[in-house]
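# What the coordinates show
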Amino acid sequence: MAQVINRQRGPITGSATKARKKQPFLLDLYSTSVGKKYVMALTGLMGLGFVLVHMVGNLKMYLGREDYNHYAEFLRELLVPILPRTVLLWILRGGLIAAVLGHLHAAATLTKMNREARSVKYQSARDYQAATFASRTMRWTGTIVLLFIVWHILDLTAGTVNGGNFVRGDAYNNVAHSLNRPLVAAAYILANLALGVHLFHGVWSLFQSMGWSHPRFNKWRRHIAGGLASVIVLGNISFPILVLCKVVEVHA
Amino acid sequence: MSHIKNITLKIWRQDGPSAQGRFETYKVDSVTDEASFLELLDVVNENLLNDGKEPITFDSDCREGICGTCGLMINGQSHGPEKSTATCQLHMRKFTSGDVITVEPFRASAFPILKDLMVDRSAFDRIVESGGFITAPTGGAPDANLIPIPKPVADAAMDSAECIGCGACVAACPNGAAHLFTAAKISHLNLLPQGQAERYKRTEAMVETMNEHFGSCTNHGECEQACPKSISIDVIAIMHKDYRKSKLKNRKELARNK
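Keep in mind that this is a model prediction, so the values were computed, not measured.

### Digging into the sheet that holds strand β5 (residues 100-104) of chain B
All names here are of chain B.
- An order of β2-β1-β5-β3-β4 is seen for the 5 strands of this open sheet, with the pairing classed as mixed. Both outer strands of the open sheet, β2 (22-32) and β4 (77-78), are each paired with one neighbouring strand and no more.
- Against the sheet, helix α1 (residues 37-50) touches β1 (3-13), β2 and β3 (73-74), its axis set at about 105° to β2.

### Examining the interface of chain A and chain B
- In this complex, chain A contributes 49 residues to the contact, which on the side of chain B involves 54 residues.
- Of all the elements in the fold, those that place two or more residues in the side of chain A that touches chain B are β1 (3-6), β2 (10-13), α1 (25-30), α2 (33-58), α4 (87-117) and α8 (182-210) of chain A.
- When grouped by side-chain class, the residues that make up the side of chain A that touches chain B number 21 nonpolar, 19 polar and 9 charged.

### Digging into the packing of helix α6 (residues 138-158) of chain A against α8 of chain A
Residues and elements named next belong to chain A.
- Where α6 meets α8, the axes come as close as 9 Å, and the angle between the chain directions of the two elements is 135°. Classified by the interaxial angle, the pair formed by α6 and α8 is oblique. The element α6 and its partner α8 pack so that their crossing is left-handed. On α8, the residues touching Met138, Thr141, Gly142, Ile144, Val145 and Phe148 of α6 are Ala191, Ala194, Leu195, Val197, His198 and His201.
- Of the residues contributing to the contact of α6 with α8, the split by class is 8 nonpolar, 4 polar and no charged.

### A short note on the domain arrangement of chain B
Residue and element names in this part refer to chain B.
- Per the domain assignment, the segments making up chain B are domain 1 (3-114) and domain 2 (122-256).
- Relative to domain 2, the C-alpha centre of domain 1 lies at a distance of 30 Å.
- Class assignment for the residues of the side of domain 1 that touches domain 2 results in 8 nonpolar, 9 polar and 1 charged.

### Considerations on unusual backbone geometry
- A cis amide bond, omega 10°, links Val80 of chain A with the succeeding residue Pro81 of chain A.
- Along the chain, the position of Pro81 of chain A falls in the loop between α3 (65-76) and α4.
- Despite not being glycine, Asn219 of chain B shows a phi value in the positive range, around 60°.
- Tracing the sequence through the fold places Asn219 of chain B in the loop between α6 (199-213) and α7 (222-226).

### Some details on the nonpolar core
- Ranked by size, the top nonpolar core spans 72 residues in total, and within it Cys169, Val170 and Leu180 of chain B carry the most contacts.
- Residue contributions to this core reach at least three from each of two domains, namely domain 1 (3-114) and domain 2 (122-256) of chain B.
- In terms of nonpolar packing, the next biggest core, distinct from the first, is built from 36 residues, Met40, Ala194, Leu199 and Val203 of chain A among them.

Cut-offs used in this document
- Residues numbered from 1 in each chain as written.
- Chains lettered and ligands numbered in written order.
- Predicted model: local features only at pLDDT ≥ 70, side-chain atom pairs only at ≥ 80, totals over all residues.
- Pairing = 2+ DSSP bridges.
- Helix = DSSP H or I, 4+ residues; strand = E, 2+ residues; numbered from the N terminus.
- Contact = placed C-beta atoms within 7 Å.
- Axes fitted to C-alpha atoms, helices over the stretch in contact; angles between N-to-C directions.
- Nonpolar A, V, L, I, M, F, W, Y, C, P; charged D, E, K, R; others polar.
- Parallel < 35°, antiparallel > 145°, perpendicular 65-115°, else oblique.
- Left-handed = near helix turned anticlockwise from the far one by under 90°.
- Domains from an automatic or database assignment.
- Core = buried A, V, L, I, M, F, W, Y, C linked by C-beta atoms within 7 Å.
- Buried ≥ 20, exposed ≤ 12 C-beta atoms within 10 Å, placed from the backbone.

In structure tokens form, the structure reads like this:
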């Protein structure tokens, strides 16, 4: 059937069963699964950038209290004096919160769409050939990471679950005291392993979702995903382990 | 010629589109290992007919792996355990005596079951229809090589054009997505010079028609493994990129035509 360029909504076809309503360009793009996957990929990329920088920043812990707290203060003073203190930090936080909300909305709507696309499930066991543990558990690893982020902010930003040792502005003190609790350290390690599994599929997946494919470099995409996931997880779980082993001293 | 003996088949039987289905068990004492899987079902049906029972309904046509009509979920895999093979080309030598084989129809909301193992895949036709025509001159046959196409481009387009539209990708996808099918059809034309005139209109229309019927791609890669033509998920990346370009270019075109 022929295509018609339509003033209202671009190419439509004689076989379209649902009339696509006219809506702003970005919403129109977001209305398809391909558009939602762009949002998944780009917000995921923002999250990836954050966790990577977050991990590298936290490595200052090994340089001691002074360097660590100096770095924390540097984050509050980003772009000072162009902007007042903490303004850019809040802008960045706003961007990350928006990314998390976008990632969640896209994930929820895509999951609903996928459930509807197979309303009657297979009645016999499936034998998956390519799907990995990581790709099959994105929903669950993502949920673990989300719950961890909420707890992590309450612990080290708000200080409400820090165990009574919270000192606003003394980031080193707060991290060291928090991770010195074995149960907290265990939860921290588990959440980071979930993050690693999530990233292992997510980073590879974002190249596909964005259409960043190149016959020469495609084999690198899995390695990039595995490498980034490993670096981030190893860096992050080194903190609780070394605090518990007293390599990082709580009262240094 | 040897025989595969004592096969137990658990086959999905469903009397009609809205009927409640169930698995029924059939025994085949012996079948030659040269038989295709569909010929095994033919044997079962012969026996059913001899017993005065209703034979199992399933799709098949060319039985040489090029028409895309057959398609069964065999032991949890689209087209069964053999790679790059349609159900009709899956031979009994791939099984061993005493096997229990479970056979289910392809399942997706867009592929309603008509009867037993037969599903309605006309949602694929909606996607292809929405792609529309390419501008090709009609009349006398054009000279060979009138439009130069580099060999690697022709090869890549041919890889996509291999798609027989069987629906194994949708059946294998945990999300019931038709991205591999749609992307194969889109990239087949988008790679070639003849496909350029309608490239962006076609891409937008086909992706949005696909979106009406099927799920979303989460990059498991099951479709590629299930595909009897081994079409690579690289074509999905081509579609994902071209969809974005389409939306932008078509928007610009609409603004120009105001």
